[in-house]
Amino acid sequence: MFSLTVRRHFMIAHSLPREAFGPAQGLHGATFVAEVSFRRAQLNDDAIVLDIGAAGGILEGVLDGLNYKNLDEHPAFKGKLSTTEALARHIAEAVAAQITGTPDGKALAGIDVVLRENPDAWAGYSLELPGN
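Below, the structure is looked at part by part. (Residues numbered from 1 in each chain as written. Predicted model: local features only at pLDDT ≥ 70, side-chain atom pairs only at ≥ 80, totals over all residues. Heavy atoms only, no water.)

Some thoughts on the pairing of strand β1 (residues 2–14)
Of the strand pairs in this sheet, β1 and strand β2 (residues 28–40) are connected by 13 bridges, and their pairing is antiparallel. Each bridged residue has a counterpart across the sheet, and for Arg-8 the counterpart in β2 is Ala-34. Bridge analysis of β1 against strand β3 (residues 69–70) gives 2 bridges, and the strand direction is parallel. Counterpart to Ile-12 in the pairing with β3 is Lys-69. (Pairing = 2+ DSSP bridges. Helix = DSSP H or I, 4+ residues; strand = E, 2+ residues; numbered from the N terminus.)

Below you can see the structure in the form of structure tokens.
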């Protein structure tokens, strides 16, 4: 399995209003480094997984909808907790929606998202794409 990973950073605000989250129950900010890996079994005719610039552009487009936003007010998280894990899934699904209709996107086997909150803590989500 081949993979290509691109990464960008973004900043959000949110609250996690449950006792399990301690001081994070209140509104607070977070800066994430998002790493998105695109996987496919075979390289394309250009011997790559996906153009790096295109991959970075897709990730930037998805993150534009989150960067500097309060996720408590974001439609995708209405009535849901915006944990790092849930945010990773949201990003994976949004990236998949942008790429799967393209020729290279149709060949992808999966997309993996890792969100790093700091050098010592991160969470992720793996999205397997159907038919690949």
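That shown, we press on.
Topic: the packing of aromatic side chains
A full pass over the atoms with the stated rule returns 1 aromatic pair. The aromatic ring of Trp-122 is capped on one face by Arg-116, whose charged end is 4.5 Å from the ring centroid. (Phe/Tyr/Trp six-rings, centres within 6.5 Å; stacked < 30°, edge-to-face > 60°. Lys NZ or Arg CZ within 6 Å of the ring centre and 35° of its normal.)

What about the sheet that holds β3?
Strand order in this open sheet of 5 strands is β3-β1-β2-β4-β5, and the pairing throughout is mixed. Each edge of the sheet is formed by a strand with only one pairing partner; in this case those strands are β3 and β5 (121–128). Bridge analysis of strand β4 (residues 110–118) against β5 gives 8 bridges, and the strand direction is antiparallel. Each bridged residue has a counterpart across the sheet, and for Val-114 the counterpart in β5 is Gly-124. Sitting on the sheet, helix α1 (residues 52–64) touches β1, β2 and β3, and the angle it makes with β1 is about 20 degrees. Docked against the sheet, helix α2 (residues 84–99) engages β1, β2, β4 and β5, running at close to 140 degrees with respect to β4. (Contact = heavy atoms within 4.5 Å. Axes fitted to C-alpha atoms, helices over the stretch in contact; angles between N-to-C directions.)

Looking at unusual backbone geometry
Of all residues except glycine, most have a negative phi; of all peptide bonds, most are trans. Even without a glycine there, the phi angle at Ala-47 is positive, about 65 degrees. Assignment of secondary structure puts Ala-47 in the loop between β2 and α1. The backbone phi angle of Tyr-68 is positive, close to 60 degrees, even though this residue is not glycine. Following the sequence through the fold, Tyr-68 ends up in the loop between α1 and β3. By relative accessible area, which is 64% here, Tyr-68 ends up exposed. (Buried < 20%, exposed > 50% of the residue type's maximum accessible area, 1.4 Å probe, protein only.)

Examining the environment of Val-36
Mapped onto the elements of the fold, Val-36 is located in strand β2. Overall, the relative accessible area of 0% leaves Val-36 in the buried class. Linking Val-36 and Gly-101, residues 65 residues apart in sequence, is a C-alpha distance of 18 Å. If sequence neighbours within four positions are ignored, Val-36 has contacts with Leu-4, Thr-5, Val-6, Leu-59, Ile-91, Val-95, Ile-111, Asp-112 and Val-113.

Considering the side chain of Arg-39
With respect to the helices, strands and loops of the structure, Arg-39 is situated in strand β2. On the basis of relative accessibility, which here comes to 13%, the residue Arg-39 falls in the buried class. Within polar-contact distance, the side chain of Arg-39 engages the side chain of Asp-112 at 2.7 Å. (Polar contact = N/O pair within 3.5 Å; in protein donor to acceptor, adjacent residues only side chain to side chain.)

Such coordinate-based values are descriptive only and should not be taken to indicate function.
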